[in-house]
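# Breakdown of the fold
This is what each chain is made of:
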Amino acid sequence: MVLVTGASRGIGRAIALAFAGEGARVVLAARSAERLAQVENEVRDLGAEALSVQTDVTSHDAVAALVEASVNRFGRIDVLVNNAGIGKVGGIESSAFADDVRQTLQASLFGMITVTQHVLPILRQQGSGAIVNMSSVMGRKAFARFGSYAIVMHSVSAFSDSLRQELAGTDIGVSVIHPALTATDLLREATEAEMPAPFRHMTPLSPDDVAHAVIAAVRRGKRRVVLPRTANMLLLGEAVSPRVGDTIAAALTRRPIAKALGMSRGKTYHETISNRPEPATRSR
Ligand SMILES: NC(=O)c1ccc[n+]([C@@H]2O[C@H](COP(=O)([O-])OP(=O)(O)OC[C@H]3O[C@@H](n4cnc5c(N)ncnc54)[C@H](OP(=O)(O)O)[C@@H]3O)[C@@H](O)[C@H]2O)c1
């Protein structure tokens, strides 16, 4: 059984459907009951079993209830995908910055910690399992105007690194996924002008690209996956020195360079999401 948080839309929905397509039973968790019910139906249409549990991952009680309901229904948890999260765009001098960091930490990091702490005893008891944590390219290299998000994504990377080493010698794997910009509603509230310069002409990944990478990571026991692979050049540059990392980040603001690196090859993020309906209001 695969438990996916943030499964009501975007990358989490794609991950749940991809696992269901492989015949897995899935538990879907998020705050929006209505959207979860839609995804549950989509999973059932694929012939797989699904349970959706309305959950705010920032609530210990809700997470405890989620894990209890999952085990009651399916008896075990094979894969936990810690995907729920939010993201804000804005400069460090903005008065909202500290609050953006707090809110993002709360949903994307503390939520992940709480869910992991509730699921780990079950994986240990089973003696096996896999945990997949969703970070971002921004979890290895920050960009201007993405400081709050990058702080939290770096913390997700560090959490995953510690966890993997604490679980060494067990049959419980830990993978961390670092996707580049992906076509979901995560940054819908930011206008094109508010986006960091390299992101204005970047072609986003599809949620399905990320979902397939997650399945491959679990199958092959991969510790870290960066998507697309060309983003590794940026990370390699950053590892050499921040000057090289910054130079590559700045070079990505030029469309021909982004194009040559395969980062700008079609519609931009805003062009991709503008045709989609606004996400439904959450029903709590
Ligand atoms: N889009 C990108 O460019 C990108 C790139 C790299 C990594 N990521 C990461 O991928 C993950 C998924 O994001 P996405 O792009 O698919 O964004 P999205 O479409 O906005 O989906 C976010 C999901 O998280 C859920 N969520 C948010 N806060 C929650 C909470 N407190 N409790 C439970 N569920 C919560 C949302 O559901 P409800 O609102 O119904 O609760 C939704 O299902 C995030 O962790 C994000 O940081 C995204």
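Residues numbered from 1 in each chain as written. Predicted model: local features only at pLDDT ≥ 70, side-chain atom pairs only at ≥ 80, totals over all residues. Heavy atoms only, no water.

The residue Ser108 is located in helix 4 (residues 97–126) in this model. Residue classification places Ser108 among the buried residues on the basis of a relative accessible area of 3%. Among the polar contacts made by the side chain of Ser108, one reaches the main-chain amide nitrogen of Ile86 at a distance of 3.2 Å. For Ser108, the residues in contact, after removing those within four places along its chain, are Ala84, Gly85, Ile86, Val152, Met153 and Val156. (Helix = DSSP H or I, 4+ residues; strand = E, 2+ residues; numbered from the N terminus. Buried < 20%, exposed > 50% of the residue type's maximum accessible area, 1.4 Å probe, protein only. Polar contact = N/O pair within 3.5 Å; in protein donor to acceptor, adjacent residues only side chain to side chain. Contact = heavy atoms within 4.5 Å.)

In this section: the site of the ligand. The ligand sits among 30 residues. The nearest are Ser8, Ile11, Arg31, Tyr149 and Thr184. Between Ile11 and the ligand, the recorded distance is 2.8 Å, taken from a backbone N or O atom to an oxygen atom. A distance of 2.6 Å separates an oxygen atom of the ligand from a polar side-chain atom of Thr184. Here the ligand has 880 Å² of accessible area as a free molecule, and 98% of this is covered by the chains. Of all elements in the fold, only helix 1 (10–21) and helix 5 (147–166) reach the threshold of two or more residues within the shell around the ligand. (Near = heavy atom within 4 Å. Areas by Shrake-Rupley, 256 points an atom, 1.4 Å probe, with all protein chains shown as cover.)

Here we come to the packing of aromatic side chains. Summed over all chains, the structure comprises three aromatic pairs. Judged by centre distance (5.8 Å) and plane angle (50°), the ring pair of Phe146 and Tyr149 falls under tilted. Here Phe146 and Tyr149 have matching classes, each one buried. Consider the rings of Phe146 and Phe199, whose centres lie 5.2 Å apart with planes at 55°: the pair is tilted. (Phe/Tyr/Trp six-rings, centres within 6.5 Å; stacked < 30°, edge-to-face > 60°.)

Let us now look at the environment of Gly12. In this structure, Gly12 sits in helix 1. The class for Gly12 is buried, based on a relative accessible area of 0%. As for Gly12 and Asn82, which are separated by 70 residues in sequence, their C-alpha atoms are 8.9 Å apart. When residues no more than four places from it in sequence are discounted, the contact partners of Gly12 are Val4, Gly6, Ala7 and Asn83.

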